[in-house]
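Understanding the architecture of this molecule
Here's the letter readout for the chains.
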Amino acid sequence: RDVARMAESRHVGLIVHTGAAIGPGFMANLHVAFASPNARFVEYVLAPDNVRSELLTVPVTLADGFIERPTAPGLGITLPDGFEERYPYKPGIVEYA
């Protein structure tokens, strides 16, 4: 949010990059974008939504190429029962580091 404020004070637009984040990181970045008046774009990975759909309490909706603002309180993430067993941490995997 500090970076967004600095850019805003210089009349610079903000593009929020989410990388490969699919759950809490993605939603946190989305919230920063919606809270920043100078946010112009949000990077959104169009990948299979198997894990994302398990984590998001309400799916992200695209309308005319834009993400619709979430209306529920909080980040909109839940950790479903058995999630950690289905997607265990694997040391040494660096793709999402």
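Further up the page is the structure itself.
Residues numbered from 1 in each chain as written. Predicted model: local features only at pLDDT ≥ 70, side-chain atom pairs only at ≥ 80, totals over all residues. Heavy atoms only, no water.

1. Some thoughts on the overall build of the chain
Counting its secondary structure elements, the chain contains 4 helices and 4 strands. Walking the chain from its N terminus toward its C terminus, one meets helices and strands in the order α-β-α-β-α-β-β-α. Oriented by its inertia axes, the alpha-carbon framework of the chain measures out at about 45 × 30 × 25 Å. Among the 97 residues that make up the chain, the fraction classed as buried is 22%. A separation threshold of at least 6 residues defines the contact pool for the chain, and within that pool the share at least 24 residues apart is 67%. Total accessible area on the chain is roughly 7000 Å²; 60% of this is exposed by carbon and sulfur atoms. One finds the centroid of the 8 positive side-chain charges in the chain at a distance of 9 Å from the centroid of its 11 negative side-chain charges. (Helix = DSSP H or I, 4+ residues; strand = E, 2+ residues; numbered from the N terminus. Buried < 20%, exposed > 50% of the residue type's maximum accessible area, 1.4 Å probe, protein only. Contact = heavy atoms within 4.5 Å. Areas by Shrake-Rupley, 256 points an atom, 1.4 Å probe, with all protein chains shown as cover. Lys, Arg positive; Asp, Glu negative; His and termini not counted. Charge placed at Lys NZ, Arg CZ, Asp CG, Glu CD.)

2. Some thoughts on the environment of Glu68
With respect to the helices and strands, the residue Glu68 is situated in the loop between strand S4 (66-67) and helix H4 (83-86). Discounting chain neighbours no more than four positions away, the residues touching Glu68 are Phe34, Thr61 and Ala63.

3. Details of the pairing of strand S2 (residues 39-42)
Looking at chain direction, strand S1 (residues 14-16) and S2 are connected through 3 bridges and run parallel. Residue pairing in the sheet places Leu14 in a bridge with Ala39 of S2. Note that the unit made of S1, helix H2 (residues 24-35) and S2 has a crossover that is right-handed. (Pairing = 2+ DSSP bridges. Right-handed = clockwise from strand over helix to strand, strands pointing away.)

4. Examining the nonpolar core
Core analysis: the biggest nonpolar cluster contains 7 residues, these being Phe26, Met27, Leu30, Tyr44, Leu56, Val60 and Ile67. With 3 residues, the single largest contributor to this core is H2. Excluding residues that lie within four positions of it along the chain, Leu30 makes contacts with Val42, Ile67 and Pro70. (Core = buried A, V, L, I, M, F, W, Y, C linked by side-chain atoms within 4.5 Å.)

5. Comments concerning H2
Given a rise of 1.5 Å per residue, 12 residues ought to cover 16 Å, and the 16 Å separating the end C-alpha atoms of H2 matches this to within 8%. Residues of H2 that are buried: Phe26, Met27, Leu30 and Ala33. Burial along H2 is one-sided: seen end-on, the buried residues are contained in an arc of 115 degrees. Contacts made by the buried residues of H2 are with S1, S2 and S4. (Expected span 1.5 Å × (residues − 1). Arc of directions from axis to C-beta.)

6. Quick notes on the environment of Leu30
The residue Leu30 is located in helix H2 in this model. Leu30 gets classed as buried once you look at its relative accessible area, which sits at 2%. Taking C-alpha positions, Leu30 is 14 Å from Arg52, a pair spaced 22 residues apart along the chain.

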